[in-house]
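Chain residues, written in single-letter form:
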Amino acid sequence: MTGRPGPVADEVRELLLSRITDVPDYPKPGVMFKDITPLLADPEAFTALTEVLSGLAVACGATKIVGLEARGFILAAPVAVHSGIGFVPVRKAGKLPGATLAQSYELEYGTAEIEIHAEALAAEDRVLVIDDVLATGGTAEASLELIRRAGAQVAGVAVLMELSFLPGRVRLERALAGAPLDALIVV
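A brief structural summary. (Residues numbered from 1 in each chain as written. Predicted model: local features only at pLDDT ≥ 70, side-chain atom pairs only at ≥ 80, totals over all residues. Heavy atoms only, no water.)

1. Thoughts on the overall build of the protein chain
Argument step 1. Per the secondary structure count, the protein chain includes six helices and nine strands.
Argument step 2. The C-alpha atoms of the protein chain give a radius of gyration of 16 Å, which matches the 16 Å a tight globule of 187 residues would have.
Argument step 3. Taken over the C-alpha atoms alone, the protein chain extends approximately 40 × 40 × 30 Å along its principal axes.
Argument step 4. Across the 187 residues that make up the protein chain, the buried fraction comes to 46%.
Argument step 5. Summarising the internal contacts of the protein chain: among those between residues at least 6 apart in sequence, 64% fall at separations of at least 24.
Argument step 6. Of the roughly 9000 Å² of accessible surface on the protein chain, 56% is carried by carbon and sulfur atoms.
Argument step 7. If the 16 positive side-chain charges of the protein chain are averaged to one point and the 24 negative ones to another, these points end up 3 Å apart. (Helix = DSSP H or I, 4+ residues; strand = E, 2+ residues; numbered from the N terminus. Rg over C-alpha atoms; globule rule 2.2 N^0.38 Å. Buried < 20%, exposed > 50% of the residue type's maximum accessible area, 1.4 Å probe, protein only. Contact = heavy atoms within 4.5 Å. Areas by Shrake-Rupley, 256 points an atom, 1.4 Å probe, with all protein chains shown as cover. Lys, Arg positive; Asp, Glu negative; His and termini not counted. Charge placed at Lys NZ, Arg CZ, Asp CG, Glu CD.)

2. So, the sheet that holds strand β3 (residues 64-68)
Argument step 1. Here seven strands make up an open sheet; going across it, the order is β5-β6-β4-β3-β7-β8-β9 and the pairing mixed. Each end of this open sheet is capped by a strand with a single partner; those strands are β5 (100-107) and β9 (181-186). With strand direction ignored, the average angle separating the axes of adjacent strands in the sheet is 20 degrees.
Argument step 2. Both strand β4 (residues 86-92) and strand β6 (residues 110-117) contribute to a ladder of two bridges, which runs antiparallel. Each residue of the ladder has a partner; that of Arg91, found in β6, is Glu115.
Argument step 3. Contacts from helix α3 (residues 43-59) reach β3, β7 (126-134), β8 (153-162) and β9 within the one sheet, and its direction differs from that of β9 by about 160 degrees.
Argument step 4. Docked against the sheet, helix α5 (residues 138-149) engages β3, β4, β5, β6, β7 and β8, running at close to 150 degrees with respect to β5. (Pairing = 2+ DSSP bridges. Axes fitted to C-alpha atoms, helices over the stretch in contact; angles between N-to-C directions.)

3. Examining the pattern of salt bridges
Argument step 1. Tallied over the entire structure, the rule returns nine salt bridges.
Argument step 2. Its salt-bridge partner being Glu69, residue Arg91 comes within 2.9 Å of it at the nearest N-O pair. Of this pair, Arg91 sits in strand β4 while Glu69 sits in the loop between β3 and α4 (71-83), and the two are 22 residues apart along the sequence.
Argument step 3. Looking at Arg91, the relative accessible area reads 23%, which means it is partly exposed.
Argument step 4. Taking the shortest distance from any N to any O, the salt bridge between Glu141 and Arg171 comes out at 2.8 Å. Of this pair, Glu141 sits in helix α5 while Arg171 sits in helix α6 (residues 168-176), and the two are 30 residues apart along the sequence.
Argument step 5. Owing to a relative accessible area of 27%, Arg171 belongs among the partly exposed residues under this scheme. (Salt bridge = Lys/Arg side-chain N within 4 Å of Asp/Glu carboxyl O.)

4. Description of the pairing of β8
Argument step 1. Counting buried residues along β8, nine of its ten residues qualify, which places the element largely inside the surrounding structure.
Argument step 2. Pairing analysis gives five bridges linking β8 to β9, with the strands arranged parallel. Considered in β9, the bridge of Glu162 is made with Val186.
Argument step 3. This β-α-β element, β8 to α6 to β9, shows right-handed connectivity. (Right-handed = clockwise from strand over helix to strand, strands pointing away.)

5. Quick look at the nonpolar core
One recurring pattern in soluble globular proteins: nonpolar side chains tend to sit buried together.
Argument step 1. Leu53, Ile65, Ile130 and Leu160 are the most contacted members of the largest nonpolar core, which has 32 residues in total.
Argument step 2. Elements with a contribution of two residues or more to this core: α1 (10-18), α2 (37-41), α3, α4, β7, β8 and β9.
Argument step 3. Tallying contributions element by element places α3 first for this core, with seven residues.
Argument step 4. Filtering out sequence-adjacent residues up to four positions away, Leu53 remains in contact with Leu75, Val79, Leu128, Ile130, Ala158 and Leu184.
Argument step 5. In this structure, Val66, Val90, Leu101 and Ala142 belong to the second largest nonpolar core, which totals 29 residues. (Core = buried A, V, L, I, M, F, W, Y, C linked by side-chain atoms within 4.5 Å.)

In short, shape yes, function no, at least from these values alone.
Here it is in structure tokens:
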């Protein structure tokens, strides 16, 4: 879905928005941090979020859910359970035991690296990536590269919130290669 919120009813969108709080000047002056922990603490809102994301997983034919460290884990794991499909974490470098595939990506000032277990995905897997926020798109783009390098197919990316004033959607367009990008809330 390009440039508009994902398939979520207005009342659910309002519920989710009402549970996200703004924290000014965090983690540094001038930044307005969107805190999702009140949403996670509210069983009605967290359940509604899980159900909407599960619907997206089923609609895109996902066979695996990838959650991006760290808040993506919190959202993705219950979606995988609710949908009856597997969950695969994508972690910062050096956090997974055993054989891994790694992918570097550019940050504002430098680079970072994420990893996935080398044997976590198979050629028949269709993978939905879930994260809390789409900002610059670097981590999501690197995760799509990892999924393809593992031999699996990208079914799509779903995020709770897209920060439309940052270039994440534009950055992901090529990497998505036609797969959907669903943002439940666009700010």
